[in-house]
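Secondary and tertiary structure notes
Given next are the chains, with one letter for each unit.
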Amino acid sequence: MPEFFDWLEKTSWAVNIRQSLWLYPALEIAHIVGIVALVGAAFMFDLRLLGFSKNLPLNGLSRHLLPWSQRGLILILPSGILLFITNAKALAFDPVFWIKLLLLFVAALNVFVFHRFVFNDKDDLRGSEELPLFSKVSAIISIIVWIAIIACGRLLAY
């Protein structure tokens, strides 16, 4: 496995990113902008699930915020992969990196379970209706996991 990570770091893409004066910082900026879009939208939706802004219909808020999360993901994935290949050997053996990946899996699983089994955005849920307990649990999990993912990402930079 170490040979694979060594090979990744020696690819022309990784070498060019490392040697470029502006490419690595541009990828970091794209990654951060993606995080802001994805996590910002997720936090706003999670806060609504926790009972804030009850005057906003949940389905309308979902239809507005979910596309922003998806756009953020479109920035995060390629920029994250490109940032990874520039330092693959060190990151592959850093436990913080694997914790971050595990947390990303937990976040994705939380979203899947919530949208598949708990929330139907076709329902017109208004603030007066009580949401299922799992909605609040899912929101709390989401907030905690995304904060932990961001913390891991910052720890990897040092």
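Read on for an overview of the structure. Keep in mind that this is a model prediction, so the values were computed, not measured.

Definitions and cut-offs
- Residues numbered from 1 in each chain as written.
- Predicted model: local features only at pLDDT ≥ 70, side-chain atom pairs only at ≥ 80, totals over all residues.
- Heavy atoms only, no water.
- Helix = DSSP H or I, 4+ residues; strand = E, 2+ residues; numbered from the N terminus.
- Buried < 20%, exposed > 50% of the residue type's maximum accessible area, 1.4 Å probe, protein only.
- Contact = heavy atoms within 4.5 Å.
- Lys, Arg positive; Asp, Glu negative; His and termini not counted.
- Charge placed at Lys NZ, Arg CZ, Asp CG, Glu CD.
- 1 Å grid on protein atoms, 1.4 Å probe; cavity = no way out; pocket = protein on both sides within 12 Å on 5 of 7 lines; lining within 4 Å.
- Points joined across faces, edges and corners; volume = space filled by probe spheres on them.
- Nonpolar A, V, L, I, M, F, W, Y, C, P; charged D, E, K, R; others polar.

1. Notes on the overall build of the protein chain
Along the protein chain, the regular secondary structure elements total 7 helices and 0 strands. Once the C-alpha set of the protein chain is aligned to its principal axes, its extents read approximately 55 × 30 × 25 Å. Split into buried and exposed, the 158 residues of the protein chain put 34% on the buried side. Contacts in the protein chain between residues at least 24 apart in sequence constitute 80% of all its contacts with a sequence separation of at least 6. Distance between charge centres in the protein chain, computed from 13 positive and 11 negative side chains, equals 4 Å.

2. Some points on the layout of surface pockets
Space inside the largest pocket adds up to approximately 1400 Å³. If you trace the largest pocket, you find 46 residues lining it, with His31, Ile76, Leu104, Trp146 and Ile149 closest to the centre. Looking at the lining of the largest pocket, the elements that each hand over two or more residues are helix 3 (23-49), helix 4 (58-85), helix 6 (95-118) and helix 7 (133-156). The class makeup of the residues in the lining of the largest pocket is 30 nonpolar, 12 polar and 4 charged.

3. Re empty space enclosed by the protein
Following the criterion strictly, the structure yields 1 cavity of 30 Å³ or more and no others. One number sums up the size of the largest cavity: a volume of about 30 Å³. Along its surface, the largest cavity is lined by Ala107, Asn110, Val111, Ile141, Ser142, Val145 and Trp146. For the lining of the largest cavity, the secondary-structure elements that each account for two or more residues are helix 6 and helix 7.

4. Observations concerning the environment of Ala26
You can see Ala26 is positioned in helix 3. Once the C-alpha coordinates of Ala26 and Ser79 are considered, the two residues, 53 residues apart in sequence, prove to be 9.1 Å apart.

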